[in-house]
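Fold and contact review
The lines below spell out each chain.
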Amino acid sequence: AQSVTQPDIHITVSEGASLELRCNYSYGATPYLFWYVQSPGQGLQLLLKYFSGDTLVQGIKGFEAEFKRSQSSFNLRKPSVHWSDAAEYFCAVGAGQAGTALIFGKGTTLSVSS
Amino acid sequence: DAGVIQSPRHEVTEMGQEVTLRCKPISGHDYLFWYRQTMMRGLELLIYFNNNVPIDDSGMPEDRFSAKMPNASFSTLKIQPSEPRDSAVYFCASSPPLGQGKTGELFFGEGSRLTVL
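Cut-offs applied
Residues numbered from 1 in each chain as written. Chains lettered and ligands numbered in written order. Predicted model: local features only at pLDDT ≥ 70, side-chain atom pairs only at ≥ 80, totals over all residues. Heavy atoms only, no water. Disulfide = S-S within 2.5 Å. Helix = DSSP H or I, 4+ residues; strand = E, 2+ residues; numbered from the N terminus. Buried < 20%, exposed > 50% of the residue type's maximum accessible area, 1.4 Å probe, protein only. Contact = heavy atoms within 4.5 Å. Salt bridge = Lys/Arg side-chain N within 4 Å of Asp/Glu carboxyl O. Polar contact = N/O pair within 3.5 Å; in protein donor to acceptor, adjacent residues only side chain to side chain. Nonpolar A, V, L, I, M, F, W, Y, C, P; charged D, E, K, R; others polar.

The tally for this structure, following the rule as stated, stands at two disulfides over all chains. Each sulfur of the disulfide joining Cys23 of chain A and Cys91 of chain A lies 2.0 Å from the other. A torsion of -65° about the S-S bond marks the disulfide between Cys23 of chain A and Cys91 of chain A as left-handed. Here Cys23 of chain A, found in the loop between β3 (19-21) and β4 (24-26), pairs with Cys91 of chain A, found in strand β10 (residues 87-94); they are 68 residues apart in sequence, far enough to count as distant. For the pair formed by Cys23 of chain A and Cys91 of chain A, the shared burial category is buried. Paired through a disulfide, Cys23 of chain B and Cys92 of chain B show a sulfur-sulfur distance of 1.9 Å. Given an S-S torsion of about -65°, the disulfide between Cys23 of chain B and Cys92 of chain B has left-handed geometry. Remark: Cys92 of chain B occurs in strand β9 (residues 88-95) and Cys23 of chain B occurs in strand β3 (residues 19-24); sequence separation between them is 69 residues. Accessibility classification places Cys23 of chain B together with Cys92 of chain B in one group, the buried group.

What follows covers unusual backbone geometry. A cis amide bond links Ser7 of chain B to the next residue, Pro8 of chain B, at an omega of -10°. As for its position among the elements, Pro8 of chain B is in the loop between β1 (5-7) and β2 (10-13). Cis geometry is found at the peptide bond from Gln80 of chain B to Pro81 of chain B, where omega equals -10°. The phi torsion at Lys61 of chain A lies on the positive side, around 60°, for a residue other than glycine. Inspection of the secondary structure puts Lys61 of chain A in the loop between β7 (56-58) and β8 (64-68). The backbone of Asn52 of chain B sits at a positive phi, close to 75°, despite the residue not being glycine. Positionally, Asn52 of chain B belongs in the loop between β5 (42-50) and β6 (53-56). With relative accessibility at 29%, the residue Asn52 of chain B sits in the partly exposed group.

Put simply, an interface is often sized by how much accessible area is lost when its parts join up. Across the boundary between the two partners, chain B contributes 21 residues, which contact 21 residues of chain A. There are one salt bridge connecting chain B and chain A. One salt bridge in this structure joins Lys49 of chain A and Glu105 of chain B, with 3.2 Å as the shortest N-O distance. Linking chain B with chain A are five residue pairs in polar contact (both at pLDDT 80 or more). Contributions of two or more residues to the side of chain B that touches chain A are made by β4 (31-38) and β5 of chain B. Taken together, the residues of the side of chain B that touches chain A break down into 12 nonpolar, five polar and four charged.

Okay, the side chain of Thr38 of chain B next. All names here are of chain B. Tracing the backbone through its elements, the reader meets Thr38 in strand β4. Reaching out from Thr38, the side chain makes a polar contact with the backbone nitrogen of Arg41 at a distance of 3.1 Å. Residues contacting Thr38, with those up to four places away along its chain left out, are Ser87 and Ala88.

Residue and element names in this part refer to chain B. For the structure on display, the rule yields 14 salt bridges over all chains. The partner of Arg85 in a salt bridge is Glu62, and the shortest N-O contact between them spans 3.3 Å. Here Arg85, found in the loop between β8 (74-79) and β9, pairs with Glu62, found in the loop between β6 and β7 (65-71); they are 23 residues apart in sequence, far enough to count as distant. The salt bridge involving Glu83 is made with Arg64; its shortest N-O contact spans 3.5 Å. With Glu83 in the loop between β8 and β9 and Arg64 in the loop between β6 and β7, this residue pair connects regions lying 19 residues apart in the sequence. For Glu83, a relative accessible area of 23% puts it in the partly exposed group. Each of the salt bridges in this network shares a partner with another, and the network as a whole consists of Glu62, Arg64, Glu83, Arg85 and Asp86.

In structure tokens, the structure reads:
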């Protein structure tokens, strides 16, 4: 069965510092992979996605993620964190009919300190 | 363009009452999903539809839960009778057809926060 693991429940980063959020997935075929962000009381917004091609994908708000098939990972990175990046981040893998229903990880809460 | 619209945004009810959550997907999207979010279990897929037909309802917790999609622009998730453990945020999401460069990205509504006392 498909699954997603986000090992870090909560991370605190200083403003201006770099960020890496970890994501590991389990899926038998070539996965569709996504990172979403959720601000308090809001729905989920797509940051970026990978489905084929270049393994380094760029997203909105200065985020990027790298797909590493050998490690079954899709880690999210940002070179310099802003206070407005504080939110909850979810990694997801496409399952079912060619990547329709998404299976989500439990999420990582990012706090940004000044 | 309007996004996915959910109503109500907040619902407080008493145990045993019927609850109906509503969702209007983005026009042209042919997939619709219902997810439930809790602190303990995270985001769980409850059910999803393709062209108004339920494809997978294996995530529906029990018979008290039911979902319908009578047409392409409307879906409901009903809980009858409701219990305190149903308290959660329920999200509806829609997705455009696969192929033609589309990759199954989900577009989420803002959620319906349900509290069952």
